[in-house]
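# A structural walkthrough
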Amino acid sequence: MAHSGRYVLLRPTDRATAIRGLRVLMGGPEAAAFQSAGGDEAEILNRVEGFLIYADGAGLDITRQVMALELTPDGHPGLVVGMCLWVPAPGRTAMLFGPSASEHPATASATAAAVVAVLEDARAHGTLLVQALVEPADVAGKTVYVAAGLTHLAALTYMERKPPLQPPDFTLPAELILEPYCGATHPLFCEAILASYEQTLDCPALSGVRSIEHIVEGHKAVGPFDPQLWCVLRLRGDPVGCLLLAEVPARHALELVYLGLTPAARGRGYGRLMLRRTLAIASRRHFDLATLAVDANNLPAVRLYRRSGYATVGQRIAMIKRLD
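Residues numbered from 1 in each chain as written. Predicted model: local features only at pLDDT ≥ 70, side-chain atom pairs only at ≥ 80, totals over all residues. Heavy atoms only, no water.

### Remarks on the packing of helix 5 (residues 186–196) against helix 6 (residues 212–220)
Rule in force here: Between N-to-C directions, angles cover 0 to 180 degrees, with each direction set by a line fitted to C-alpha atoms, over the stretch in contact for helices. Going along the chain from the N terminus, every DSSP run of H or I of four or more residues is numbered as a helix, and every run of E of two or more is numbered as a strand. Oblique is the label for any angle not covered by the other classes, which are roughly parallel (under 35 degrees), roughly antiparallel (over 145) and roughly perpendicular (65 to 115). Contact criterion: two residues are considered in contact whenever any of their non-hydrogen atoms come within 4.5 Å of each other. Residue classes follow a fixed rule: Ala, Val, Leu, Ile, Met, Phe, Trp, Tyr, Cys and Pro count as nonpolar, while Asp, Glu, Lys and Arg count as charged, and any other residue, Gly among them, counts as polar.
Between helix 5 and helix 6, whose axes approach to 10 Å, the crossing angle comes to 100 degrees. Classified by the angle their axes make, helix 5 and helix 6 are roughly perpendicular. Where helix 5 approaches helix 6, its residues His186, Cys190, Ile193 and Leu194 are matched on the opposing element by Ile212, Glu213, Ile215 and Val216. Of the residues in the contact of helix 5 with helix 6, the class split is six nonpolar, one polar and one charged.

Structural data, given as structure tokens:
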């Protein structure tokens, strides 16, 4: 245990203790009644149980968290009043999860202390970049992460659409070819991804944060990796773009992980072609949904997705911090 002002910081080493932290993640401080409309303690426990099922299936270590326990008047650790869970991912990144400070304002200062401790743990494990997602209206939640040094990356717009019943026609102009991912084409993908970051409107603050190998590793980990769902676009032999897709088994969805074009290839209709390919694959493989997330400030991309039938289903604020 370590002390941080009014709190004792505890890194759980067993499942039962870690579940106490998850209960705070789902429903606020241990001493508080659940504040969300229609919620109660049974609902909190159901949420925790659902998360445990997911975590066990995904191989997540629920003890990778820091819990903030309030000090009692006699100086002993009391109830858990805040926490932060961190989930490492390939590409030397990690995602942070904490209770909603807007729903449960009593968790804010305690969770801020837990986040700072989690950043130390993540750095010690070689993490280069941590990320957190908060609801746009969760102003208090943003403040918690800002206090720990995270900065605004982007407002992410989540979009989805039903695949067409029949695959749309997909033909390439003669000067273009598509190649799937393999060891031989790996360098072409790296070249295309890096070139697509030039003058990008899609989360530009991420440019240069990680090496290209870490970027590719992170993209591969979005879902079960299928090299046939990745393609590099070549114009007269040169790589000018790439389309990276992944299956999301839990939703039976096809996610557009990344669509990037070099500056010279933009405005030529290649993005529309890549989306038609995406929807053709989604239709042929009988996915229930085609999904994506895009920087809300990337207006050309948002317009392209809307014209292709995607509709907005939610938004989150992405925050990041480099740990190197």
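Don't stop here, the text continues.
### Notes on the pairing of strand 5 (residues 93–97)
What counts here: Any two strands between which DSSP finds at least two bridges are classified as paired. Crossover handedness is defined by viewing with both strands directed away from the observer: a clockwise path from the first strand over the helix to the second marks the crossover as right-handed.
Judged from the five bridges that link them, strand 4 (residues 77–89) and strand 5 form a sheet pairing that is antiparallel. From the neighbouring strand, Ala89 faces strand 5, where its bridge partner is Thr93. Once strand 4 ends, the chain turns through three residues before running back antiparallel as strand 5, passing Gly91 with a positive phi of about 85 degrees. Both strand 5 and strand 6 (residues 129–134) contribute to a ladder of four bridges, which runs parallel. Opposite Ala94, over in strand 6, you have Val130 as the bridge partner. Tracing the backbone out of strand 5, into helix 3 (residues 108–124) and back to the parallel element strand 6 gives a crossover that is right-handed.

### Considering the pattern of salt bridges
Note the cut-off: Salt bridge criterion: a side-chain nitrogen from Lys or Arg within 4 Å of a carboxyl oxygen from Asp or Glu. Categorising residues by exposure relies on relative accessible area from a 1.4 Å probe, with only protein chains included: less than 20% of the type maximum marks a residue as buried, more than 50% marks it as exposed, and the intermediate range marks it as partly exposed.
This model, assessed by the stated rule, comprises 10 salt bridges. Residues Arg11 and Asp121 are paired through a salt bridge, measuring 2.8 Å at the closest nitrogen-oxygen approach. Taken together, the positions of Arg11 in the loop between strand 2 (7–10) and helix 1 (15–27) and Asp121 in helix 3 put the pair 110 residues apart, joining distant regions of the chain. Classification of Asp121 by relative accessible area gives buried; the value is 17%. Residues Arg285 and Asp226 are paired through a salt bridge, measuring 3.0 Å at the closest nitrogen-oxygen approach. Of this pair, Arg285 sits in the loop between helix 7 (270–284) and strand 12 (289–295) while Asp226 sits in the loop between helix 6 and strand 9 (230–235), and the two are 59 residues apart along the sequence. Taking relative accessible area as the criterion, Arg285 reaches 39% and is therefore assigned partly exposed. The partly exposed category is assigned to Asp226, whose relative accessible area is 22%.

### What to know about the packing of aromatic side chains
Heads up, the rule is: Centre distance within 6.5 Å is the pairing criterion for rings of Phe, Tyr and Trp, where only the six-membered ring of Trp is used; planes under 30 degrees apart are then read as stacked, over 60 as edge-to-face, and the remainder as tilted. Remark: a charge is flagged as sitting over a ring if the NZ atom of Lys or the CZ atom of Arg is within 6 Å of the ring centre and within 35 degrees of the ring normal.
Applying the stated criterion across every chain, the model contains eight aromatic pairs. Note on Tyr181 and Phe189: the rings are 5.2 Å apart at their centroids and 70 degrees apart in plane angle, and the pair reads as edge-to-face. Assessed through its relative accessible area of 11%, Tyr181 is described here as buried. In this structure Phe189 comes out as buried when scored by relative accessible area, which is 1%. Through a chain of ring-to-ring contacts, three or more aromatic side chains come together here, namely Tyr181, Phe189, Phe225 and Trp230. We note Lys220 situated over the ring of Phe225; from NZ or CZ to the ring centre the distance is 5.2 Å.

### So, the environment of Arg11
Stated formally: Any pair of nitrogen or oxygen atoms within 3.5 Å is treated as a polar contact; in protein, a donor-acceptor pairing is required on top of that, and neighbouring residues in sequence qualify only through side-chain atoms on both sides.
Judged by its relative accessible area of 34%, Arg11 falls in the partly exposed class. Residues Arg11 and Arg92 lie 81 residues apart in sequence; the distance between their C-alpha atoms is 21 Å. Residues within four places of Arg11 in sequence aside, it is in contact with Gln65, Val66, Ala117, Glu120 and Asp121. Of note is the side chain of Arg11, whose polar atom sits 2.8 Å from the side chain of Asp121.

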